[in-house]
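Here is what each chain is made of, one letter per residue.
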Amino acid sequence: MFASLAPARRRLAFFVLALVLVGVVAVVAAFVASRSTSDPVASVDQSVPGPVLLVPGFGGSTDALEVLASELRDDGRDATVVALPDGGVGDLTVQAQTLRDAVDAALTRTGATSVDVVGYSAGGVVARIWATDLGGAEQARRIVTLGSPHHGTQVAALAAQFVPDQCAAACQQLAPDSSVLTALNSGDETPEGPQWVSIWTELDQVVTPPNSAQLDGAIDIPVQSVCADSTVDHGNLPRDPLVAAMVSAQLDGNSTTQLGAADCSRLSS
């Protein structure tokens, strides 16, 4: 087709064709990129519960969560507390990678298709990083956070300002407007896939203000909205029988509003 053209016109035709091909490739690439970032994650089957992984808070102590894990095992659930690296005070993104590995191991061990994750305090932020950035939204059936500073805590901000040498990486990342929290909260706070639940106490003196634990798109449950007289504080969230009942209800797909006054009196600390 081009052989009959003069050399100058032939060169022009080739140049125009090359521009068209480049434009087509760019359009196709943009379309593929938009599909890969905008397609929703398929919701995990909510009817088939898998193993439960519990993620500790700042400092990485597993003692408190072992109490809750024991309660869940008594309910017939396979429950494991994740051991965090660096004593639970290091980079939250590295902790999220540890959670990813623990989830993969639990799925391989049990043959389940999904997991439930309970994140206490900073552990709830770790669970969100895993779900948002490491593919966790495709593996999690439910994610329950307990007293998690999703929008930061002034306690961490004050530590970073006045005693920076004692405010480790995770502490700095839990300050309001840290780069980690800004990135997590800049888009969808609860990515599609799992059902999200945030349980917190209005008497929290570690997560300040306490409503920093609210998570847009999650089932939001202050303990005092269920039992108005509850005095549970931040440190006792994973140990409190009432909170354990609330977590168990959410993992089973039951409403915590089914808890009545008698339950509050029996379970509240």
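Provided above is the structure to which this section pertains.
Reference entry: report on the structure contained in this document. (Residues numbered from 1 in each chain as written. Predicted model: local features only at pLDDT ≥ 70, side-chain atom pairs only at ≥ 80, totals over all residues. Heavy atoms only, no water.)

## A short note on a nonpolar patch on the surface
Okay, step 1: A contiguous nonpolar patch, built from L158, F162 and V163 and spanning about 290 Å² of accessible area, is present on the exposed surface.
Okay, step 2: In this fold, F162 is placed in helix α5 (residues 154-162). (Patch = residues over 30% accessible without salt bridge, like charges linked within 9 Å, V, L, I, M, F, W, Y side chains within 5 Å. Areas by Shrake-Rupley, 256 points an atom, 1.4 Å probe, with all protein chains shown as cover. Salt bridge = Lys/Arg side-chain N within 4 Å of Asp/Glu carboxyl O. Helix = DSSP H or I, 4+ residues; strand = E, 2+ residues; numbered from the N terminus.)

## Re the sheet that holds strand β4 (residues 140-146)
Okay, step 1: On the basis of which strands lie adjacent, the open sheet formed by six strands has the order β2-β1-β3-β4-β5-β6 and parallel pairing. In this open sheet, the two edge strands, each paired with only one partner strand, are β2 (79-81) and β6 (219-222). Neighbouring strand axes in the sheet, compared pairwise and without regard to direction, differ in orientation by 15 degrees on average.
Okay, step 2: Across the sheet, helix α2 (residues 63-74) lies against β1 (52-55), β2, β3 (115-120) and β4, angled at about 170 degrees from β2, the strand it touches most.
Okay, step 3: Across the sheet, helix α4 (residues 122-133) touches β1, β3, β4 and β5 (195-200), and the angle it forms with β3 is around 140 degrees. (Pairing = 2+ DSSP bridges. Axes fitted to C-alpha atoms, helices over the stretch in contact; angles between N-to-C directions. Contact = heavy atoms within 4.5 Å.)

## Things to note about the pattern of salt bridges
Okay, step 1: Across all of its chains, the model carries five salt bridges by this definition.
Okay, step 2: Between R109 and D78 there is a salt bridge, with the nearest N and O atoms lying 2.9 Å from each other. Within this pair, whereas R109 is found in helix α3 (residues 92-110), its partner D78 is found in the loop between α2 and β2, the two being separated by 31 residues in sequence.
Okay, step 3: Overall, D78 belongs to the partly exposed group, its relative accessible area being 29%.
Okay, step 4: Overlapping salt bridges, with partners in common, bring together R77, D116 and R141 in one network. (Buried < 20%, exposed > 50% of the residue type's maximum accessible area, 1.4 Å probe, protein only.)

## Observations regarding the state of the cysteines
Okay, step 1: Tallied over the full model, the rule gives two disulfides.
Okay, step 2: Bridging C227 to C264, the disulfide has an S-S length of 1.8 Å. Judged by the sign of its S-S torsion, about -80 degrees, the cystine formed by C227 and C264 is left-handed. Remark: C264 occurs in helix α10 (residues 261-267) and C227 occurs in the loop between α8 (223-226) and α9 (241-252); sequence separation between them is 37 residues. Both residues of the pair, C227 and C264, count as buried. (Disulfide = S-S within 2.5 Å.)

## Remarks on the environment of G90
Okay, step 1: Mapped onto the secondary structure, G90 falls in the loop between β2 and α3.
Okay, step 2: What makes G90 buried here is its relative accessible area of 11%.
Okay, step 3: G90 sits 83 residues away from Q173 along the chain, and the two C-alpha atoms are 9.6 Å apart.

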